[in-house]
Every structure is written in structure tokens, then in C-alpha cells.
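Spelled out from the first residue to the last, the chains are:
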Amino acid sequence: TSKLIFVPENNYYVFNALCDFFNYFAVAAIIKDTIYCSHSGFPEGLSIEAINTFKKPISPSENKSIAEILWSQPNIYKEDYKSNNNSNQSLIYRTLYFTNDSLTKFLNENKLSMIIRSKDYCMNGFEKCFNNKVLTIFSCTNYCSTIQNDAAIVYVKRNHEIQPKMLTHDESVN
């Protein structure tokens, strides 16, 4: 069997190869015809059909709609990010927000009921906002080995009921 050996001089190559590889991934999914699932948000003014026409590879730095899917967030997080911008790239992506009104429009136009997203840290593993139309899940316990937060995964039952399953930071340490 062959092994891929990571040595410091290869890290830049490996990192860039992985970034290029991600440009071929799907950026969103529809669960049970009613739940939109993405890393973070949705492209304002575009339909699911339009998202499906994107040609791969595609990068968020080259396409604002992809950046919105990967990085936009509910505007309730706006204040949390104002003091936490580390780079110009970070600043660009941290200015992408969606409102309850734009979410409602996106959901109605695409005949969807809610979105499930995963970009933002949640102390209790998950958070709901915008009248339960947005569910944010965070799958990492004890974030950065200092936060002692819980994590969650989500079950979507056959009747479309959403059931978060918790993993506490205490369980992950043992």
C-alpha cells in the first residue's frame, strides 16, 4: 500500500489541491423536498434551479452567489463579527447577511419550509432563529479546546420533523 506523507514543503501544495477539490463539491442540498441545507446561507434572488446550473469547478472568490451560499448568515449575528475581522478576505465574507424577509422570500419562491446550516458556533450545539425557519447546527464539541460547548447532529424524520441529537462536551472528553 502507498502512503501520502505530509512534509512541511508539501503543505502548500496539499492545501491548494484540497481547496481546488472543494470547488467541485455540491454547495447545497434539498432534504425531503422541503428543507434547504448548506454551509451557511442562500443566494438572494436565485432559485434552486439556477443553483443547479452552476458549472464546476466554481469558487466563492469568483461567484458572489457561491459566496452567499457558503458564507452569508442571519443578520442577527452581524454584531458578533464586527470586531473579529482578521483579513480582507474575512471582511468580504463577513459582510454577507440575510434577513428574515429575504429568507421568507427564498423559501416561498422555492417551495421550501426552512434551512439547516452549519457555519456559526453554537454554545448548545444548535440554535433556531427567524421563527424556527433557520436551524444552525455546530458539530464540534469543545471548540478550539477551550470553549466547552456542546455539539449537535440533526435527524429529519419521515414526517419532516426535525430532531437535534446532542453531544455534550463532557461526553467527547471521556
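Residues numbered from 1 in each chain as written. Predicted model: local features only at pLDDT ≥ 70, side-chain atom pairs only at ≥ 80, totals over all residues. Heavy atoms only, no water.

Some words on the overall build of the chain
Working step 1: Along its length, the chain carries seven helices and nine strands.
Working step 2: Within the chain, the fraction of its 174 residues that count as buried is 36%.
Working step 3: By sequence separation, contacts in the chain at least 24 residues apart represent 55% of the contacts at least 6 residues apart.
Working step 4: Accessible area of the chain: about 11200 Å², with a carbon and sulfur share of 53%. (Helix = DSSP H or I, 4+ residues; strand = E, 2+ residues; numbered from the N terminus. Buried < 20%, exposed > 50% of the residue type's maximum accessible area, 1.4 Å probe, protein only. Contact = heavy atoms within 4.5 Å. Areas by Shrake-Rupley, 256 points an atom, 1.4 Å probe, with all protein chains shown as cover.)

Some details on the environment of L46
Working step 1: Within the secondary structure layout, L46 lies in the loop between β2 (35–38) and α2 (48–52).
Working step 2: Considering only alpha carbons, one finds L46 and E109, 63 residues apart in sequence, at a separation of 9.3 Å.
Working step 3: When sequence neighbours within four positions are dropped, the list of residues in contact with L46 reads F54, S65, F106 and N110.

Re the environment of Y97
Working step 1: Relative to the assigned elements, Y97 resides in strand β4 (residues 97–98).
Working step 2: Y97 gets classed as buried once you look at its relative accessible area, which sits at 18%.
Working step 3: In the structure, Y97 is positioned 21 residues away from I76 in sequence and 8.7 Å away in space, judged by C-alpha atoms.

Here's the deal with the pairing of β2
Working step 1: Inspection of the sheet shows strand β1 (residues 28–31) paired to β2 by four bridges, in the antiparallel sense. Each bridged residue has a counterpart across the sheet, and for A29 the counterpart in β2 is C37.
Working step 2: Taking the residues between adjacent antiparallel strands as the criterion, β1 and β2 are bridged by three residues, where K32 takes a positive phi near 50°.
Working step 3: Pairing geometry for β2 and strand β5 (residues 114–117), over three bridges, is parallel. Bridged to I35 within β5 is M114. (Pairing = 2+ DSSP bridges.)

Observations concerning the sheet that holds β2
Working step 1: With mixed pairing, five strands are arranged side by side in an open sheet as β1-β2-β5-β7-β6. Single-partner strands in this sheet number two, and they are β1 and β6 (126–129). Neighbouring strand axes in the sheet, compared pairwise and without regard to direction, differ in orientation by 20° on average. (Axes fitted to C-alpha atoms, helices over the stretch in contact; angles between N-to-C directions.)

A closer look at the pairing of strand β7 (residues 134–137)
Working step 1: Both faces of β7 are covered, namely the face carrying V134 and T136 and the face carrying L135 and I137.
Working step 2: Relative to β7, β5 runs parallel, the two sharing three bridges. The residue bridging I116 from the neighbouring strand is L135, located in β7.
Working step 3: Examined bridge by bridge, β6 and β7 share four bridges and lie antiparallel to one another. Residue pairing across strands places E127 opposite T136, the latter belonging to β7.
Working step 4: In this structure, the hairpin formed by β6 and β7 is closed by a connection of four residues, where F130 is found at a positive phi of approximately 50°.

Quick word on helix α3 (residues 64–71)
Working step 1: Counting buried positions along α3 yields six of eight residues, so the element is predominantly enclosed.
Working step 2: What α3 keeps buried is the set S65, I66, A67, E68, I69 and L70.
Working step 3: Structurally, the start of α3 carries an N-cap: the backbone nitrogen of S65 is 2.9 Å from a side-chain oxygen of N63. (Polar contact = N/O pair within 3.5 Å; in protein donor to acceptor, adjacent residues only side chain to side chain.)

Re the side chain of K133
Working step 1: As for its placement among the helices and strands, K133 is situated in the loop between β6 and β7.
Working step 2: No salt bridge is formed by the buried K133; the nearest opposite charge belongs to D101, separated by 7.0 Å.
Working step 3: Looking at K133, its side chain comes within polar contact range of the side chain of T104, at 2.4 Å.
Working step 4: Not counting residues up to four positions away in its chain, the partners in contact with K133 are N100, L103, T104, L107, S113, M114 and I115. (Lys, Arg positive; Asp, Glu negative; His and termini not counted. Salt bridge = Lys/Arg side-chain N within 4 Å of Asp/Glu carboxyl O.)

By themselves these figures say nothing about function.
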